[in-house]
Each structure stands twice: as structure tokens, then as C-alpha cells.
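# Observations on chain architecture
Here is what each chain is made of, one letter per residue.
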Amino acid sequence: MPKVAFTTLGCKVNQFETEAMEGLFKARGYEVVAFDQPADVYVVNTCSVTHLGERKSRQLIRRAVRTAPGATVVVTGCYAQVSPGEVEAIEGVDVIVGTQDRQRIVDLAEEAAASRRQVRAVGDIMAAAEFEDIPLLAAPGRTRAFLKIQEGCANFCTYCIIPYARGPLRSRPLASIGREAAKFVAAGFQEIVLTGIHLGAYGQDLGGAATLTDAVKTVLAVPGVARVRLGSLESIEVSDGLIALMHEDERLCPHLHLPLQAGDDAVLAAMNRHYTTAGYRELVRGIQSRVPDIAITTDIIVGFPGETAEQFANTLAFAAGMDFARIHVFPYSRRKGTPAAAFPGQVAEGEKKRRAGALQELADRQAAAFHERFVGRELAVLFEPAAGGGVEGLTGNYLRVYVDGDRGLARQLRRVRLQGLHRDGLWGEIAD
Ligand code: SF4
């Protein structure tokens, strides 16, 4: 039986696509092995969101070439889409596939193996019109299932390479969403995470035939679905309908990841973000008043070109007033091909680091304060195997919970009485 090994960088969309590609190889009789094992084919699913993502992609490609010199090395994902020439030039790469045509990945790998010639299948992503519906042929070995329902982005934030890697908006049809969700339930998954490149824009390319709320309702209507979680959303795309659904149906996790990116209006405008700090605050306050225990998590970029010390102080002050459950801090990463890469006032790396440190301190305080609010409460936790043995789990509102229990608890949704802060989460006791 031929062997194939995968490694994946980046976001939940990439994770989902790797699982779909694993299914395609398995359906053709391949055995999936770990990336450090000998294999006939290696697939590196790359990321281009930061220069670090690209550097790690190159390192993993070279590792695949070194591990089994005669094997077929396939490089796919965002880095392959935006910089195919750079990938092509790496010694030992046999197949370059962008962010489309993954349906053909097994054929392309076998074509390269047979011809011993490099195969390049990187299309014009800006011309992409259809959502590439790769059916899931094999259930991923995790506790929470990622379901990609949307592709592409048309926002063109000035720091972001993604629209150039992923192309225009494309949505998975509702029928396909229901079908794939049913497969996950049949495979024993309790939680389905809906994900996309620009999830909040779901349906905008379907001529108003469907919205994100319709997609969520489609999954909730599948018998046996215990939880639905939403991937990252643009704040301005959170509809009243979605919040009403979150209020009505507790299976829709009270957790929204709403990237803020900056707490200063002039910086937001330079980023081409389509909201103001006042608008963002009002929206979040409204959501928090309607869904009391909700976790609002966010991303903030520090050191955006031209960001002054005063503007960064505005970001710190704004974030301090927001009760975020978690803040992901990103030092600005200059991306070749994006408008901001050519902006004046590039911030020195040392200063970016200082700003990231100051914001991280605030982030840690806010996360602890958010967790503290739930000590003494009883919440439902979905358990998964922990890396070091035993189990840990997540509540609907994204609290990480640790209990004294064995792996038998994995994939179970149980009530837990939360007792105190522990590591990056809370300690608790099974209450049911
Ligand atoms: S919304 Fe902005 S940050 Fe998000 S993928 Fe699109 S361009 Fe990038």
C-alpha cells in the first residue's frame, strides 16, 4: 500500500483542506502516515499570512525532500498560490498546486511520479467562480470537526495577502453543508466548527439566496448535532439574526472571534477596515448584553506602518475597556504584494516587540479576569485527549477546562463545576 504524509500550516481552513485531501488519497488506496515517517508522497499545505508562515513552509518542504529523497513532494496552499516561482525553485519539489484544484491532487502526484517531471497546477485564483466542494471521505481523528463553508475574500485590508491567495467570495451550497455536517455526526463528532476565509460574507455570492444564519440553521437542523461554533467573523457582519439564534439555541456556542486589529480610527482607516472603534464597541456591548456569558475574542496588530506611540496608546486604552476573553497579538508582518508593505513609517522591529509585550500583558490580565468570572459556575464541557495524557476540554464560551479524569471522557459533553484558575484555563470537577 502506498504511503502519504501531510503537514499543515495556518488556519482552520487549511486544516479542513488537508483532511479533505487525506480522504482523497485514502480513497485511492494510500495509507496516511506521520510526516516524519518514510512515505511515497509528502504533501505540504502552506501558509502565507505572515513571513514566518512562508519561512516555516519552506523549512517543511525541505524537510520532506530530505526525509525520503525519491518520494514525490507536493506543495499546496496559500504560499504556493501567491509565490509559485519561489516554491518551484526549491530543490526536490515535484508538484505545485495553489488554493484550487485539490480535487486532482492524487492524479497530479501520480503524474509527477510517473513522468519524473515537475507538475505545476497553479491557476488564476482571481478568476475562480465556484466553491471547490471536496467531499469529506474520511473522518478526521479529532474531537471537534472543522467544516469549511466559505472561500475567498473581497475586503483587501491593506496588510493582508489572503485575497491574493484565495480569490473572490465563494460559498458552499446549503445542501452540501447539511450533507457534510451529517457525515460528522455519523462519525461521532459532538461539535462542528464552521470556518471560512471570510466567513461573515457567506452567501454574498449566492445572490441573497442564503446567509450565514441560514448556514448555521442548516447545521443545527441535522439530527444529533450537539454544538456549533463559528470561526472568525468580521464584526460588521454579525447580524441580529445570528445573535437571536445564539440566544434561542444554546447549541450555538456563545463565542465570537471578532478581529479588531487596531483601537485607533486613523489606523483602522489606513488598514482599510470598514468600522470605527465606537461602532465596534457599541456592537460588542450590544452582543454582551443579549448573550451574558459570551466570550468575545479578537486579533490586534501592533506596529502597523505609520502607527505612532499615541495611536498605539489608543489601542491599549480601547482594548482595556473591552473585557476580551482572549486577545491574539500580532506584530505587523510586512507582506510583499500588499499596499501596506509600501507605506511610509514602517515601525522598527524592537518597537513592535515592545508594543506586543505591552498588549500581551493586558491580554493575559483580561483572559484571567474573564476565566475568574466562571469560578463556582457549572458549565458543559466537551472533552478531548490532552497532549500530555488525561483529558481537557472546552466550554461553549471557549474556556479551557482541566479535570481529574482519564481518556474515556474524550468526546463526551459533560457538566463541570468550575473551581479555580489553572494554567491557561480552569480546574473543575465532573458534576453529572
Ligand atoms: S477580511 Fe481582511 S484580514 Fe480578513 S482575510 Fe480578508 S483581507 Fe484578510
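Coordinates for the structure precede this section.
I will try to describe carefully the structure that is included in this document. Quantities reported herein were computed from a predicted structural model and do not represent experimental measurements.

Its identity as a non-glycine residue notwithstanding, Arg116 has a phi of 55 degrees, on the positive side. Of note, Arg116 is situated in the loop between α5 (105–115) and β6 (119–121). Located in the positive-phi region is Arg411, a residue other than glycine, with phi close to 70 degrees. Classification of Arg411 as partly exposed rests on a relative accessible area of 28%.

This part takes up the site of the ligand. Inspection of the region around the ligand gives Cys153, Asn155, Phe156, Cys157, Tyr159, Cys160, Ile162, Pro163, Glu234 and Arg273 as its neighbouring residues. Partitioned by chemical class, the residues of the shell around the ligand number seven nonpolar, one polar and two charged.

This model, assessed by the stated rule, comprises one cavity of 30 Å³ or more. In this structure, the largest cavity occupies an estimated 40 Å³ of space. Taken together, Phe16, Glu17, Ala20, Arg102, Glu132, Ile134 and Lys148 make up the full set of residues lining the largest cavity. A per-element tally of the lining of the largest cavity places helix α1 (residues 12–27) first, with three residues. Tallied by class, residues from the lining of the largest cavity come to three nonpolar, no polar and four charged.

Summarising burial for strand β7 (residues 144–151): eight of the eight residues are buried, a large majority. Across six bridges, β7 lies against strand β9 (residues 191–196) in parallel orientation. Residue Leu147 lies in a different strand from β9, and its bridge partner there is Leu194. Of the strand pairs in this sheet, β7 and strand β8 (residues 170–171) are connected by two bridges, and their pairing is antiparallel.

What follows covers the side chain of Thr277. Along the chain, the position of Thr277 falls in helix α11 (residues 277–290). Apart from residues lying up to four places away in sequence, Thr277 is in contact with Ala262, Gly263, Asp264, Asp265, Leu268 and Phe318.

Membership of the largest hydrophobic core comes to 90 residues, with the highest contact counts inside it found for Phe25, Val216, Leu230 and Leu256. Per-domain counts for this core show at least three residues from each of domain 1 (3–123) and domain 2 (144–370). Not counting residues within four places of it along the chain, the set of residues in contact with Leu230 comprises Leu194, Leu199, Leu212, Val216, Leu242, Leu252 and Leu256. Counting 22 residues, the second largest nonpolar core, distinct from the first, contains Val33, Ala68, Ala80 and Ile90.

It is worth spelling out the packing of aromatic side chains at this point. Scanning the model with the defined rule gives twelve aromatic pairs in all. Between Phe6 and Phe25 the ring centres are 5.8 Å apart and the planes differ by 80 degrees, which places this aromatic pair in the edge-to-face class. Pair noted here: Phe6 is in strand β1 (residues 3–8) and Phe25 is in helix α1, with a separation of 19 residues, a long-range link. Assigned by exposure class, Phe6 and Phe25 land together as buried. Ring plane angle 80 degrees and centroid distance 5.6 Å describe the contact between Phe304 and Tyr332, whose orientation is recorded as edge-to-face. Taken together, the positions of Phe304 in the loop between β12 (295–302) and α12 (309–320) and Tyr332 in the loop between β13 (326–331) and α13 (349–372) put the pair 28 residues apart, joining distant regions of the chain.

Analysis parameters
- Residues numbered from 1 in each chain as written.
- Predicted model: local features only at pLDDT ≥ 70, side-chain atom pairs only at ≥ 80, totals over all residues.
- Heavy atoms only, no water.
- Helix = DSSP H or I, 4+ residues; strand = E, 2+ residues; numbered from the N terminus.
- Buried < 20%, exposed > 50% of the residue type's maximum accessible area, 1.4 Å probe, protein only.
- Near = heavy atom within 4 Å.
- Nonpolar A, V, L, I, M, F, W, Y, C, P; charged D, E, K, R; others polar.
- 1 Å grid on protein atoms, 1.4 Å probe; cavity = no way out; pocket = protein on both sides within 12 Å on 5 of 7 lines; lining within 4 Å.
- Points joined across faces, edges and corners; volume = space filled by probe spheres on them.
- Pairing = 2+ DSSP bridges.
- Contact = heavy atoms within 4.5 Å.
- Core = buried A, V, L, I, M, F, W, Y, C linked by side-chain atoms within 4.5 Å.
- Domains from an automatic or database assignment.
- Phe/Tyr/Trp six-rings, centres within 6.5 Å; stacked < 30°, edge-to-face > 60°.

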